[in-house]
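The lines below spell out each chain.
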Amino acid sequence: MQDLAAPADCRRGIALAIAPNGGRRTKADHPALPIGPSELAECAQACLEAGASMIHVHVRDDAGQHCLEIDRYQATEQAIRQRVGEQLIVQVTTEALGRYTPQQQSDLVRVLRPQACSMALREIAPDVPHEVAFASLLEWMRRERIFPQIILYDAVDVARLQDMRLRGVIPADDIPVLFVLGRYTASQQSHPADLDEFLGVTRQAPFSHWTVCAFGRDEAACAVTAALRGGHARLGFENNLFLPDGTVASDNAALVAPVANALRGLGRSLETAESQRASLEAIW
């Protein structure tokens, strides 16, 4: 298994995901924030052309609030597929945002049967009593070939997931994870050095498929740093509106382009949806 502290293999593809809207921001934050199915589909196509291989989807209710409604997810995926076919992995969020219980999050996955989904460890399994249901969900997802991504906010989350893996709660030797850099800081301004906290904990028991997301104008720097150290990156308006020079990005694709161009310029290749699926299938 790869040592996360070691330089990445130049031959290995790097997966770029786009998180275009999140559950909190509105068009008051940025007029190009995509909300409905058609806007998300248009965004998906632009980000695919910029270098993304996955789109991380949030949907909203009629009041514009974060929701986990099945029909809205289905309509959004259909719109995205009509635009880009299978050229992007569609990953849905199970984020609670204070509105949903672990059971409701699990129910979403079991009914929707998405291609991929992200789950925050501290939401889906907030304590030991919830671990049985979490393990059952993961076992079912593995049988159904649904790719999980476990969201980890700090070193404590990482250590807990590693412990769950050792205790057999995780029904596999490995599982894809997302390291969120800078979430619990006063300014929510991430820096490349924030990655060290996560990599320090995982050195002895690494996750082979890890991704980072970051806040603020250093999002691109964090993404490139992660890629060069063996990881992948998630970008987008969910966490950041700024280009590396501090100006506001025109749209989500504008956040993908500088990272994709930098990595290509450094001799790295980008994953396609097809190659990323193969990478995920190898561990899940």
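Definitions and limits used
Residues numbered from 1 in each chain as written. Predicted model: local features only at pLDDT ≥ 70, side-chain atom pairs only at ≥ 80, totals over all residues. Heavy atoms only, no water. Buried < 20%, exposed > 50% of the residue type's maximum accessible area, 1.4 Å probe, protein only. Helix = DSSP H or I, 4+ residues; strand = E, 2+ residues; numbered from the N terminus. Salt bridge = Lys/Arg side-chain N within 4 Å of Asp/Glu carboxyl O. Contact = heavy atoms within 4.5 Å. Axes fitted to C-alpha atoms, helices over the stretch in contact; angles between N-to-C directions. Parallel < 35°, antiparallel > 145°, perpendicular 65-115°, else oblique. Left-handed = near helix turned anticlockwise from the far one by under 90°. Nonpolar A, V, L, I, M, F, W, Y, C, P; charged D, E, K, R; others polar.

Chemist: I would appreciate a short explanation of helix α8 (residues 219–228) in the present structure.
Modeler: Residues lying three or four places apart along an α-helix face the same way, a consequence of the helix completing one turn every 3.6 residues. Counting buried positions over the 10 residues of α8 gives seven, a clear majority of the element. Buried residues of α8: E219, A220, C222, A223, V224, A226 and A227, and no others.

Chemist: What is the right way to read the pattern of salt bridges from this model?
Modeler: Side chains bearing opposite charge may pair, as long as their charged atoms lie close to each other. Inspection of every chain in the model, using the stated rule, returns 17 salt bridges. Taking the shortest distance from any N to any O, the salt bridge between E86 and R81 comes out at 3.6 Å. Between E86 and R277 there is a salt bridge, with its nearest N and O atoms 3.4 Å apart. A residue pair is termed long-range when its members are at least 10 positions apart, and E86 in the loop between α2 (70–84) and β5 (89–93) and R277 in helix α10 (residues 273–283) qualify at 191 residues. The partly exposed category is assigned to E86, whose relative accessible area is 48%. Because the salt bridges share partners, they merge into one network encompassing E77, R81, E86 and R277.

Chemist: I would appreciate a short explanation of the environment of L68 in the present structure.
Modeler: Its location among the elements puts L68 in the loop between β4 (66–67) and α2. Sequence-distant contacts of L68, defined by excluding residues within four places in its chain, comprise Y73, T93, T94, E95, Y100, Q105 and L108.

Chemist: Is there a simple way to explain the packing of helix α1 (residues 37–50) against α2 in this structure?
Modeler: Axes are the key here: two packed helices are described by the angle between their axes and the distance separating the axes. One way to put it is that α1 packs onto α2 with a least axis distance of 8 Å and a crossing angle of 40°. In terms of their interaxial angle, α1 and α2 are classed as oblique. For α1 against α2, the interelement crossing comes out right-handed. Facing α1, whose interface residues are P37, L40, A41, E42, A44, Q45 and L48, α2 presents A75, T76, A79, I80, R83 and V84. For the contact of α1 with α2, the residue count by class is nine nonpolar, two polar and two charged.

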